[in-house]
Amino acid sequence: MILFQQSNALRSFLDNQKAQNKRIGFVPTMGALHAGHLSLIAQAKQKCDIVVCSIFVNPTQFTQAADLETYPRPISNDIKLLEESKCDVLFHPSVDEIYANDLRKDDTNDYGSFLHVLEGASRPGHFDGVVTVVKKLFELVRPDEVFFGQKDYQQCLVVQTLINRAFQTIKFNLCAIAREEDGLAMSSRNIRLSEMERILAPQLYLALKKAKQLWTLETWQSAANEALKEIDSNAFTVEYLKICDQNTLEELLHFQHNAVIVLVAVQIGKTRLIDNILIDRD
Ligand code: PAF
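Remember, it's a predicted structure, so these values are computed and weren't measured experimentally. (Residues numbered from 1 in each chain as written. Predicted model: local features only at pLDDT ≥ 70, side-chain atom pairs only at ≥ 80, totals over all residues. Heavy atoms only, no water.)

> Please clarify how the pairing of strand E8 (residues 259-268) should be interpreted in this entry.
Remark: a regular strand shows side chains that alternate across the two faces of the sheet. For E8, the tally of buried residues reaches 8 of 10 residues, placing the bulk of the element in the interior. Two strands pair when backbone bridges link them, and strand E7 (residues 236-245) and E8 are joined in this way by 9 bridges, in the antiparallel orientation. By the bridge assignment, Leu241 is partnered in E8 with Val264. In this antiparallel pair of consecutive strands, E8 and strand E9 (residues 271-280), the connection spans 2 residues, and Gly269 shows a positive phi of 55 degrees. (Buried < 20%, exposed > 50% of the residue type's maximum accessible area, 1.4 Å probe, protein only. Helix = DSSP H or I, 4+ residues; strand = E, 2+ residues; numbered from the N terminus. Pairing = 2+ DSSP bridges.)

Right under this line is the structure:
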């Protein structure tokens, strides 16, 4: 694997690859890699000739300074994992390299109402920061295909909107959520869970499965209420558990739609966890 910290060096390497008609796959990450990220690399490797992974803890997408400061950064282990996964290129720039002292964010106000609900409502400005950095990275890497995990489903919709607007040649791949054996969605934040929190955390997936199982109930709201019972209210603060349209993220009250997604966000101790499940009813 070749490691680049400077954009210019990365660009000239990739220009060279493009001149040889190599197909570039891109997996943007913030590091603290786990099996979920590695499955994105594996999928990129299957479809592309050169796989570029970026590790960049993006300051503009954090809504709390403490969260940015304590975000895990195990770079040596990340490099080892990427090498084992046969990733071709790692781009690991500094904040200055990406932002050059200008931390202004892009405005995503006109992206659509789906951006202002769920994570958008809980973390104001978060998606502006995501779009800002993803746009910079896409402009630099100019990938043929990109690979994003379904766990951050709303982020996937945001990135798809960015691609439709500004990067129409890029193919977007939505990659299934990687789960631990007990169902907990893999996340870089899981390492912050205490032993007891880690034991309880799979309740999120139980709740999502319950909602999926209950889709025949008269109203989605009753399915959501039943699902919530799977989550121990003493241990978790539930921010939302919502059954929504997969495309617009509009909350659904009755089961008249085919493409539905159940999304959940909770706080447990100091850790915020999100998860979701798709329901395609054909
Ligand atoms: O999903 C993430 O890890 C980040 O939001 C991303 C897409 C790498 C942008 O910083």
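From this point, the narrative continues.
> Teacher, can you tell me more about empty space enclosed by the protein here?
Empty pockets left among the atoms are what a rolling probe the size of a water molecule brings to light. For the coordinates displayed, the defined rule picks out 2 cavities of 30 Å³ or more. Its boundaries defined by the atoms lining it, the largest cavity holds a volume of some 40 Å³. If you go around the largest cavity, the residues you meet are Leu184, Ala185, Asn190, Ala201, Leu204, Tyr205, Leu273, Ile274 and Asp275. Of all the elements in the fold, those that place two or more residues in the lining of the largest cavity are helix H10 (203-213) and E9. Residues of the lining of the largest cavity, tallied by class, amount to 7 nonpolar, 1 polar and 1 charged. Lining the second largest cavity are Trp220, Gln221, Ala224, Leu241, Lys242, Ile243, Glu251 and Leu252. Those elements that place two or more of their residues in the lining of the second largest cavity are helix H11 (220-228) and E7. (1 Å grid on protein atoms, 1.4 Å probe; cavity = no way out; pocket = protein on both sides within 12 Å on 5 of 7 lines; lining within 4 Å. Points joined across faces, edges and corners; volume = space filled by probe spheres on them. Nonpolar A, V, L, I, M, F, W, Y, C, P; charged D, E, K, R; others polar.)

> Teacher, can you tell me more about the pattern of salt bridges here?
Close approach of charged atoms allows side chains with opposite charge to pair. Summed over the entire model, instances satisfying the criterion amount to 19 salt bridges. Residues Asp182 and Arg198 are paired through a salt bridge, measuring 3.0 Å at the closest nitrogen-oxygen approach. One end of the pair, Asp182, is in the loop between strand E6 (171-175) and helix H9 (195-200); the other, Arg198, is in helix H9, and 16 residues separate them in sequence. On the basis of relative accessible area, Asp182 is assigned to the partly exposed category, the value being 38%. Through salt bridges that share partners, Glu119, Arg123, Glu239 and Arg272 make up one connected network. (Salt bridge = Lys/Arg side-chain N within 4 Å of Asp/Glu carboxyl O.)

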